[in-house]
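# Architecture and fold: a report
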Protein chains: 2
Amino acid sequence: MSSRDRLVQVTARLIREKGMAATGINEIITEAGLPKGSMYHYFPGGKEELVKAALHSYKEWLGQSFKARMKGSSTAEEGLCGIVDFFIHDLTSSDFVAGCPVATVALESAGTSPGVSDGVREVMDHWIAGLCASLQYKGRAGNKNTAIDFITHLEGALVMARIYQSTEPLERLKLKITELLQNDYTTS
Amino acid sequence: MSSRDRLVQVTARLIREKGMAATGINEIITEAGLPKGSMYHYFPGGKEELVKAALHSYKEWLGQSFKARMKGSSTAEEGLCGIVDFFIHDLTSSDFVAGCPVATVALESAGTSPGVSDGVREVMDHWIAGLCASLQYKGRAGNKNTAIDFITHLEGALVMARIYQSTEPLERLKLKITELLQNDYTTS
DNA sequence: TTAAAAATAGACCGGTCTGTCTATTAATCC
DNA sequence: GGATTAATAGACAGACCGGTCTATTTTTAA
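Our subject in this report is the structure included herewith. (Residues numbered from 1 in each chain as written. Chains lettered and ligands numbered in written order. Predicted model: local features only at pLDDT ≥ 70, side-chain atom pairs only at ≥ 80, totals over all residues. Heavy atoms only, no water.)

Let us now look at the overall build of chain A. Within chain A, the regular secondary structure consists of ten helices and zero strands. Traced from its N-terminal end to its C-terminal end, chain A shows the element sequence α-α-α-α-α-α-α-α-α-α. Taking 16 Å as the expected radius of gyration for a compact globule of 188 residues, we find that chain A reaches 17 Å, a close match to that expectation. Across its three principal axes, chain A shows a C-alpha extent of roughly 55 × 35 × 30 Å. For chain A, the residues scored as buried account for 57% of the 188 residues in total. (Helix = DSSP H or I, 4+ residues; strand = E, 2+ residues; numbered from the N terminus. Rg over C-alpha atoms; globule rule 2.2 N^0.38 Å. Buried < 20%, exposed > 50% of the residue type's maximum accessible area, 1.4 Å probe, protein only.)

Next comes the structure, spelled out in structure tokens:
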């Protein structure tokens with residue numbers, strides 16, 4: 001992996017674990033095994049640019065994962081269920097350390113860092129649009145609100161899952177998927 | 001207001017706006033207009049103790065508010081709707097700066113600060129229990145899962161609301177309250 | 001009134017923060 | 001092969017971090 005990618009990956013991981021403010025430049029470069037000069041070579045904008053790159057990376061990675069899970073499922077329900085399972089696996093295999101970095105950064109940056117907030121919004125828009133497209137691919141209406149409601153509940157469940165160190169909130173979300181999709185047969 | 005209370009209130013506000021890690025001791029005491037000695041007099045445990053006190057304050061404040069809204073409503077639906085309205089008001093009147101501090105701190109501390117994580121869990125337990133009791137008071141079963149589902153969705157909606165600087169996610173939650181309560185007539 | 005306790009006040013410490021700067025090495029291109 | 005650019009390397013700066021410590025002032029209680 002290139003030095004640039006390594007910086008982005010390390011940043012993404014640390015942000016996922018403890019947020020943006022608590023993640024330091026020195027920590028990032030140490031874990032990436034690179035000098036500070038390299039970091040400012042690839043990201044002249046400093047920490048903010050690096051965080052935005054990490055968000056972008058996460059946007060692509062998860063967007064692809066969403067699409068793959070939907071395409072590999074025979075129904076929309078199964079697809080959404082697969083997405084939740086993806087997070088369940090992510091949380092359990094990381095001992096509930098790897099949450100959704102978007103939510104963390106969103107809450108940290110909402111009032112203080114407009115540039116980062118824009119990045120967060122961009123990621124969310126991407127996921128919603130991708131989910132709509134996938135739902136339509138599965139013969140659903142693919143209403144934007146359906147995707148939004150799903151992601152809203154998912155974000156809430158991810159918060160609760162980390163609080164209680166339990167996948168139960170995500171399991172409960174899975175139980176509600178059918179209900180959530182029942183209004184997605186016609187356009188609104 | 002006492003010096004101690006002022007410290008707690010300032011801390012709670014700053015944490016709500018930008019999280020725990022980005023909020024510094026010096027910033028807190030400056031805004032509270034107190035010297036550092038006073039802060040460590042009331043909170044010998046330092047930042048962690050102060051954060052926990054802020055969480056506790058928020059727990060009580062919001063717990064009371066929940067109960068009041070439920071008691072002042074004729075139905076359970078109306079009560080939950082009132083709780084959502086409370087957050088809508090909170091967000092709009094603060095220009096979407098005042099989110100849910102519990103979620104922010106939860107995500108920041110999940111893997112790094114066990115003491116704070118415990119505090120977060122305690123707040124959440126308190127809210128859930130209070131909500132269950134209020135639902136029973138309104139003639140509902142007051143299943144724990146009903147309260148959990150509501151709060152889960154609420155937390156998700158609060159994240160989305162701050163991302164999009166819009167109350168729409170919370171308005172959408174209100175539309176789902178009836179559906180959410182439909183399984184709370186019998187115990188499970 | 002005086003002794004003890006509570007609260008205020010802020011200098012100070014070692015460490016870390018982001019970010020800048022100057023070299024030096026490695027790769028690329030003509 | 002020589003010049004130009006990319007990348008690595010890390011010393012350094014100035015600010016700020018959480019936290020400790022010693023006074024001083026205020027309040028309380030005997």
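Structure's up, so let's keep going.
With that settled, the discussion passes to the protein's contact with DNA strand C. With respect to spatial proximity, 15 residues lie near DNA strand C, and among them A:Ile25, A:Asn26, A:Lys36, B:Ser3 and B:His41 are the closest. Each atom of DNA strand C within 4 Å of the protein was assigned to sugar, phosphate or base; sugar and phosphate come to 56%. The separation between a phosphate oxygen of DNA strand C and a polar main-chain atom of A:Ile25 is 2.6 Å. Within the backbone of A:Lys47, a nitrogen or oxygen atom sits 3.1 Å from a phosphate oxygen of DNA strand C. (Near = heavy atom within 4 Å. Polar contact = N/O pair within 3.5 Å; in protein donor to acceptor, adjacent residues only side chain to side chain.)

Residues and elements named next belong to chain A. Here helix α7 (residues 114–137) crosses helix α8 (residues 144–164) at 125 degrees, and the two axes come no closer than 9 Å. Classed by the angle they form, the pair α7 and α8 counts as oblique. For the crossing formed where α7 meets α8, the hand is right-handed. Across the interface between the two elements, Met124, Trp127, Ile128, Leu131, Cys132 and Leu135 from α7 touch Lys144, Thr146, Ala147, Ile148, Phe150, Ile151 and Glu155 from α8. In terms of residue class, the contact of α7 with α8 is built from ten nonpolar, one polar and two charged. (Axes fitted to C-alpha atoms, helices over the stretch in contact; angles between N-to-C directions. Parallel < 35°, antiparallel > 145°, perpendicular 65-115°, else oblique. Left-handed = near helix turned anticlockwise from the far one by under 90°. Contact = heavy atoms within 4.5 Å. Nonpolar A, V, L, I, M, F, W, Y, C, P; charged D, E, K, R; others polar.)

Another aspect to go through is the pattern of salt bridges. In this structure the tally under the stated criterion is 24 salt bridges over all chains. A:Glu171 serves as the salt-bridge partner of A:Lys174, at 3.4 Å between the closest nitrogen and oxygen. Pair noted here: A:Lys174 and A:Glu171 are both in helix α9 (residues 168–175), with a separation of three residues, about one helical turn. The residue B:Arg16 makes a salt bridge to B:Asp90 at a minimum N-O spacing of 2.7 Å. Taken together, the residues B:Arg16 in helix α1 (residues 3–18) and B:Asp90 in helix α5 (residues 76–93) connect sequence positions 74 residues apart. Since its relative accessible area comes to 12%, B:Asp90 is described here as buried. Put simply, A:Arg13, A:Glu17 and A:Glu31 are held in one network by salt bridges that share partners. (Salt bridge = Lys/Arg side-chain N within 4 Å of Asp/Glu carboxyl O.)

This brings us to unusual backbone geometry. Its identity is not glycine, yet A:Phe96 carries a phi of approximately 65 degrees, on the positive side. Phi is positive for B:Gln165, which is not a glycine, with a value near 45 degrees. Position of B:Gln165 relative to the elements: it lies in the loop between α8 (144–164) and α9 (168–175).

Another point: the protein's contact with DNA strand D. Taken together, 15 residues lie near DNA strand D, and A:Ser3, A:His41, B:Ile25, B:Asn26 and B:Lys36 sit nearest. At 3.2 Å, a side-chain N or O of A:Ser38 approaches a phosphate oxygen of DNA strand D. Between DNA strand D and the protein, one listed contact pairs a phosphate oxygen with a side-chain N or O atom of B:Tyr40 at 3.1 Å. Elements represented by at least two residues in the surface near DNA strand D include exactly α3 (36–42) of chain A together with α2 (25–32) and α3 (36–42) of chain B. Considering every element that reaches the surface near DNA strand D, the biggest residue donor is α3(A), with five residues. In the surface near DNA strand D, the residues fall into four nonpolar, eight polar and three charged.

The subject of this paragraph is the packing of aromatic side chains. The tally for this structure, following the rule as stated, stands at twelve aromatic pairs over all chains. With a centroid separation of 5.7 Å and 50 degrees between ring planes, the pair formed by B:Phe66 and B:Trp127 is classed as tilted. Of this pair, B:Phe66 sits in helix α4 (residues 47–71) while B:Trp127 sits in helix α7 (residues 114–137); the two residues are 61 residues apart in sequence, bridging distant segments of the chain. Residues B:Phe66 and B:Trp127 agree in their burial class; the two are buried. A network of ring pairs unites the aromatic residues A:Tyr58, A:Trp61, A:Phe66, A:Phe86, A:Phe87 and A:Trp127 as a single cluster. Here the basic side chain of A:Lys71 rests over the ring of A:Tyr137, its NZ or CZ set 5.0 Å away from the ring centre. (Phe/Tyr/Trp six-rings, centres within 6.5 Å; stacked < 30°, edge-to-face > 60°. Lys NZ or Arg CZ within 6 Å of the ring centre and 35° of its normal.)

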